[in-house]
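In case you want the letters, here they are:
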Amino acid sequence: HRIGSTHAAHHVCSKIPHYHAVEATQALKAAFPEFYLYDPTPVPAALWRVATRCYEVTPVQDLWVFGAASDDGNKKTKAA
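Note that the coordinates shown come from a computational prediction; the quantities given were computed from them, not determined experimentally.

Rules used throughout
- Residues numbered from 1 in each chain as written.
- Predicted model: local features only at pLDDT ≥ 70, side-chain atom pairs only at ≥ 80, totals over all residues.
- Heavy atoms only, no water.
- Helix = DSSP H or I, 4+ residues; strand = E, 2+ residues; numbered from the N terminus.
- Buried < 20%, exposed > 50% of the residue type's maximum accessible area, 1.4 Å probe, protein only.
- Contact = heavy atoms within 4.5 Å.
- Areas by Shrake-Rupley, 256 points an atom, 1.4 Å probe, with all protein chains shown as cover.
- Salt bridge = Lys/Arg side-chain N within 4 Å of Asp/Glu carboxyl O.
- pLDDT = per-residue confidence, 0-100.
- Axes fitted to C-alpha atoms, helices over the stretch in contact; angles between N-to-C directions.
- Parallel < 35°, antiparallel > 145°, perpendicular 65-115°, else oblique.
- Nonpolar A, V, L, I, M, F, W, Y, C, P; charged D, E, K, R; others polar.

### Re the overall build of the chain
Of regular secondary structure, the chain possesses three helices and three strands. The linear arrangement of helices and strands in the chain, starting from the amino end, is α-α-α-β-β-β. In the chain, which comprises 80 residues, the proportion classed as buried is 16%. Here the contacts in the chain between residues at least 6 apart in sequence split such that 7% fall between residues at least 24 apart. Summed over its atoms, the accessible surface of the chain is roughly 6700 Å², and 61% of this surface lies on carbon and sulfur atoms.

This is the structure:
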């Protein structure tokens, strides 16, 4: 089903059928390598990371920046 690795193509064109999602994703990665980002973290671990560490997401000039808690519980800021 590959929804975690091919979902970005749906946001580019929602009319792409699911059976062309892998092909569309490969085309997007080739055409826009600087914009295609993939995080292989399993969904439960990624949700836990966001729920326990992300406390804000704000635009700063042309970047989105999230503030996160470090391993010691202190807040830190990292560019997304």
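The rest of the description comes next.
### A short note on the pattern of salt bridges
This model, assessed by the stated rule, comprises one salt bridge. One salt bridge in this structure joins Arg49 and Asp39, with 2.8 Å as the shortest N-O distance. Highlighted residues: Arg49 in helix α3 (residues 43-53) and Asp39 in the loop between α2 (21-31) and α3, separated in sequence by ten residues. Owing to a relative accessible area of 38%, Arg49 belongs among the partly exposed residues under this scheme. Note on Asp39: relative accessible area 41%, which makes it partly exposed.

### Topic: unusual backbone geometry
Phi is positive for Gln61, close to 55°, though the residue is something other than glycine. Following the sequence through the fold, Gln61 ends up in the loop between β1 (54-60) and β2 (63-69). Given the relative accessible area of 82%, Gln61 is considered exposed.

### Points about the side chain of Thr25
As for its position among the elements, Thr25 is in helix α2. Ignoring any residue separated from it by four or fewer positions in sequence, one finds Thr25 in contact with Ser5, Thr6, Ala9 and Tyr36.

### Observations regarding the confidence of the model for the chain
Of the residues in the chain, 82% reach a pLDDT of 70 or more, and the chain-wide mean stands at 82. Here strand β3 (residues 75-79) stands out as the least confident element of the chain, with mean pLDDT 51; α2 is the most confident, with 95.

### Quick notes on the packing of helix α1 (residues 3-12) against α2
Where α1 contacts α2, the axes come no closer than 8 Å and their chain directions differ by 80°. Classed by the angle they form, the pair α1 and α2 counts as roughly perpendicular. Residue-level inspection shows Ser5, Thr6, Ala8, Ala9 and Val12 of α1 in contact with α2, the latter providing Ala21, Val22, Ala24, Thr25 and Leu28. Grouping the amino acids of the contact of α1 with α2 by side-chain chemistry returns seven nonpolar, three polar and no charged.

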